[in-house]
Amino acid sequence: MKNKKEMIAMLLAGGQGSRLGVLTTSMAKPAVSFGGKYRIIDFPLSNCINSGVDTVGVLTQYEPLKLNTHIGIGIAWDLDRQSGGVTILSPYEKSKTSDWYAGTADAIFQNINYIDGYDPEYVLILGGDHIYKMDYELMLNYHKARKADVTMAAMPVSWEEAPRFGILVTDKETGRITDFQEKPKEPKSNLASMGIYIFNWKVLREALLTNKDTPNLDFGMHIIPYCHKKSGAVYCYEYNSYWKDVGTLQSYWEANMELVDLVPVFNLYEDYWKIYTNNEVTAPQFIGPNGWVTHSIVSDGCTILGGVENSVLGESVLIEKGARVTGSIIMGHTVIRKNAVVDKAIIAESCEIGEGAVIGCGEYAESTYNKKVYCSDLVTIGDHSTVPAGVKVGRNTAILGETTLSDYEEGRLASGGAIIKAGESL
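Residues numbered from 1 in each chain as written. Predicted model: local features only at pLDDT ≥ 70, side-chain atom pairs only at ≥ 80, totals over all residues. Heavy atoms only, no water.

> Explain the overall build of the chain to me, and be specific about the residues and the numbers.
Assigned secondary structure in the chain consists of eight helices and 33 strands. Expressed as a percentage of its 426 residues, the buried residues of the chain come to 55%. Within the chain, contacts between residues separated by at least 24 positions form 58% of all contacts whose residues are at least 6 apart in sequence. By element, 50% of the accessible surface of the chain is carried by carbon and sulfur atoms, the whole surface being about 18,600 Å². In the chain, the 39 positive side-chain charges and the 51 negative ones have mean positions that sit 3 Å from each other. (Helix = DSSP H or I, 4+ residues; strand = E, 2+ residues; numbered from the N terminus. Buried < 20%, exposed > 50% of the residue type's maximum accessible area, 1.4 Å probe, protein only. Contact = heavy atoms within 4.5 Å. Areas by Shrake-Rupley, 256 points an atom, 1.4 Å probe, with all protein chains shown as cover. Lys, Arg positive; Asp, Glu negative; His and termini not counted. Charge placed at Lys NZ, Arg CZ, Asp CG, Glu CD.)

> Describe helix α7 (residues 219-230), and please don't skip the residues or the numbers.
Every buried residue of α7 is accounted for by Phe219, Ile223, Ile224 and Cys227. Mapping the buried residues of α7 onto a view down its axis gives an arc of 85 degrees, with all of them on the same face. Turned more than 90 degrees off the buried face of α7, the exposed positions are Met221 and Lys229. Near the N-terminus of α7, the side chain that reaches the backbone nitrogen of Gly220, with its oxygen 2.9 Å away, is that of Asp218. In the segment just after α7, Gly232 is the residue with positive phi, at about 75 degrees. (Arc of directions from axis to C-beta. Polar contact = N/O pair within 3.5 Å; in protein donor to acceptor, adjacent residues only side chain to side chain.)

> Which residues make up the packing of aromatic side chains, and what are the values?
In the structure shown here, the tally under the stated rule is eleven aromatic pairs. On the numbers, 5.5 Å between centres and 75 degrees between planes, the contact of Tyr114 with Tyr118 is edge-to-face. What makes Tyr118 buried here is its relative accessible area of 3%. Each member of the aromatic cluster is reached from another via a ring pair, and the members are Phe34, Tyr38, Phe43, Tyr242, Tyr252 and Phe266. A cation over a ring is seen here: Lys133 above Phe266, with NZ or CZ 5.2 Å from the ring centre. (Phe/Tyr/Trp six-rings, centres within 6.5 Å; stacked < 30°, edge-to-face > 60°. Lys NZ or Arg CZ within 6 Å of the ring centre and 35° of its normal.)

> Got a sec to walk through the sheet that holds strand β32 (residues 412-413)? Specific residues and values, please.
The seven strands lie next to each other as β15-β18-β21-β24-β27-β30-β32, forming an open sheet whose pairing is parallel. The open sheet is flanked by β15 (292-294) and β32, the only strands paired with a single partner. One ladder, built from two bridges, connects strand β30 (residues 392-394) with β32; its direction is parallel. When the bridges of β32 are listed, Lys392 appears paired with Arg412. (Pairing = 2+ DSSP bridges.)

Structure (structure tokens):
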């Protein structure tokens, strides 16, 4: 048996993130760039090490290569340890079956042996796709003080937003959860589940084994209701700081733009709660004689010869002379050629925008490609894509792959349109 741990974390990072469209064609959502130098998974991993949780199992499934490469052996987060540290847990072939993870709780069930190896008192369940800072030790202390079997983190949302979430109804004096509502039309509360749970391991283990044959075994739908019915010792830990689900293009763009506000809602610069990441070693920024930057995050290795305003730039982005970028997210190693204009766009890694191209023009139009995913003013361009010189791209559009002038009718991609030259599993 490995060294016993009081609490270990299980980080669910295998989701496709299909609502991020072309951004997640070749990578899982937790691997998507955020805030210039980070990836989404950096936030829960940093929360773990800052909270004293030094054993983390990361459960991957969809397109795991980028995520696995980024995490490595956990050096960036001080999780490269002989006892504990970070472990990548992918689905594997069993003696009789070869199953994908079929639900959030099923993923944990398939890794019971990993958890048993540490014989923990408590197991912390986390999602890998939220932006926030949280001290899990405070939540554990709350859990212990109430002698809870399960503690669920929740935060107040507006009553208008409440029907989008799993809602917790609590006894206000004790914090005990009395009822659950899954995306209710008429919510009884505005406390929304954050998908962060602390379980007594004995309680969770028994619940998983009892319910293991349930199709698509899920925490919210099956395990937590089971524990609530069996013991009732299920409590709500109310969280009242910044937390953002970046599962849609609009919410992802908004969360990045909040970083460049005059007074950022979410502070990346606090020494006492650092966000760690696995960064490349790159050259310093360079801003040329005619280059300018205002209200923006510009990562290492960038060369700015044009203008950047209210934007977030990843590592080694090149903005050529006369080009202008506003209200946009430009991920690492992307090139914006001379005199191109980019407005309110999300451009993924290693893309090239041709000379004089205009990205983000005209009026909004409903998507003719995927109305559920593309439903904002944003232009979304997937990684390793190219846009030829001189074309005009309207709003609420998607581009993926190496496009040429012949792909653009009369040199334009109309608002609401899409050009998909590589496989996108939507």
